[in-house]
Amino acid sequence: LQGAVAAYVADDYVRRGLLPAPLQETAASVLTSVAQGTVDQPGFVRAWEESQRSLHASAFGDGTGALTVSLQPLIRFIAARVGSRLPVSLDVTTDLRAPVGTAGDRSRLHQVERTQTYALLGLMVVLGSAAVCLVSARRRSIALAGLGLGALVTAGVLRVATEIVVPQLIDRAETLSPFARAVQRLLLDRAAASLASWLGWIALVGAAALLAGLLGRGAAALRSR
């Protein structure tokens, strides 16, 4: 994220004529280096929190249009520590707002806000359906194995979707800038890491149910001989 912010800011300075084009790569490298060296300082944390608040206000407020994040707090903090490492001074008076998503992403984020409620309702439906399936099944061992296999397939499909399919869709999105793409990939990585533990438990329970069902079916077959 530090590298993406630095590259975006350097590119913006060049486009606005505040920084010579030959210095763009050098400026991005210097800004990244300074950001990495000051990330643990309280001032950086405050600047980062200000930028986060601007993103949250854009994402969950009543506004319309593209999702944006204000980079001014970060660049103001970093530029003050560049010192003589650049032969030019960096203007930090403009509120630089970088687009990180489209208007359509806004509605999807509002849906994400409600995922906890949906997840609890979905879990109740799944558990209730599984209980009905086991009680009404003529061969409960086969039903149990089927439920276990379904859990394994679900965990596998969600893992592939979050770690392969969605990242590829983000990389192929022509409307996203390199900065927006980097931010969305980082957000997806955080979401995937959070989901991974749940998928691990789903797969573990599914494997146990599948094994128990197969063992039960095998035991029933032996008794019938």
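Note that the structure is a prediction, hence the values are computed from the model and not measured. (Residues numbered from 1 in each chain as written. Predicted model: local features only at pLDDT ≥ 70, side-chain atom pairs only at ≥ 80, totals over all residues. Heavy atoms only, no water.)

A. Structural view of the overall build of the protein. A tally of regular secondary structure across the protein gives eight helices and two strands. The order of helices and strands in the protein, counted from the N terminus, is α-α-α-β-α-β-α-α-α-α. Here the C-alpha radius of gyration of the protein, 25 Å, is well above what a compact globule of 225 residues would show, namely 17 Å. Seen along its three principal axes, the alpha-carbon backbone of the protein occupies a region of about 90 × 35 × 35 Å. Across the 225 residues that make up the protein, the buried fraction comes to 30%. (Helix = DSSP H or I, 4+ residues; strand = E, 2+ residues; numbered from the N terminus. Rg over C-alpha atoms; globule rule 2.2 N^0.38 Å. Buried < 20%, exposed > 50% of the residue type's maximum accessible area, 1.4 Å probe, protein only.)

B. A look at the confidence of the model for the protein. In the predicted model, the protein carries a mean pLDDT of 80, and the fraction of residues at 70 or more is 93%. Across the protein, element-level confidence peaks in strand 1 (residues 67–70) with a mean pLDDT of 88 and bottoms out in helix 5 (residues 103–113) with 72. (pLDDT = per-residue confidence, 0-100.)

C. Just a nonpolar patch on the surface, in detail. On the surface, Val160, Ile164, Val165, Val166 and Leu169 cluster together into a nonpolar patch covering about 380 Å² of accessible area. For valine 165, the location among the structural elements is in helix 7 (residues 140–172). (Patch = residues over 30% accessible without salt bridge, like charges linked within 9 Å, V, L, I, M, F, W, Y side chains within 5 Å. Areas by Shrake-Rupley, 256 points an atom, 1.4 Å probe, with all protein chains shown as cover. Salt bridge = Lys/Arg side-chain N within 4 Å of Asp/Glu carboxyl O.)

D. A look at helix 4 (residues 72–79). Counting buried positions along helix 4 gives seven out of eight residues, so the element sits mostly inside the fold. Turning to helix 4, its buried residues number three or more, namely Gln72, Pro73, Leu74, Ile75, Phe77, Ile78 and Ala79. Buried residues belonging to helix 4 abut helix 1 (2–15), helix 2 (24–38), helix 3 (42–60) and strand 1. (Contact = heavy atoms within 4.5 Å.)

E. Quick peek at the environment of glutamine 24. Inspection of the secondary structure assignment puts glutamine 24 in helix 2. Sequence separation between glutamine 24 and valine 14 is ten residues, and the spatial gap between their C-alpha atoms is 6.8 Å. In this view, glutamine 24 contacts Ala10, Asp11, Val14 and Leu19; residues no more than four positions away in its chain are not counted.

F. Representation of the side chain of serine 70 within the structure. Here serine 70 shows up in strand 1. With residues up to four places along the chain from it excluded, the contact list for serine 70 reads Ser51, Ser54, Asp95, Leu96 and Arg97.

G. Spatial organisation of the pairing of strand 1. Because side chains alternate across strand 1, one face comprises the buried residues Leu67 and Val69, and the other comprises Thr68 and Ser70, equally buried. Direction of pairing for strand 1 relative to strand 2 (residues 97–101): antiparallel, over a ladder of four bridges. Paired with leucine 67 across the two strands is glycine 101, which belongs to strand 2. (Pairing = 2+ DSSP bridges.)

H. Just the nonpolar core, in detail. Residues Val9, Leu31, Leu71, Ile78, Val82, Leu90 and Phe179 are the most contacted members of the largest nonpolar core, which totals 35 residues. Breaking this core down by element, the ones donating at least two residues are helix 1, helix 2, helix 3, strand 1, helix 4, strand 2 and helix 8 (178–223). Ranked by the residues each element gives to this core, the list is headed by helix 1, at eight residues. With residues near it in sequence (within four places) discarded, leucine 71 still touches Val5, Tyr8, Val9, Ser51, Leu96, Ala98 and Phe179. (Core = buried A, V, L, I, M, F, W, Y, C linked by side-chain atoms within 4.5 Å.)

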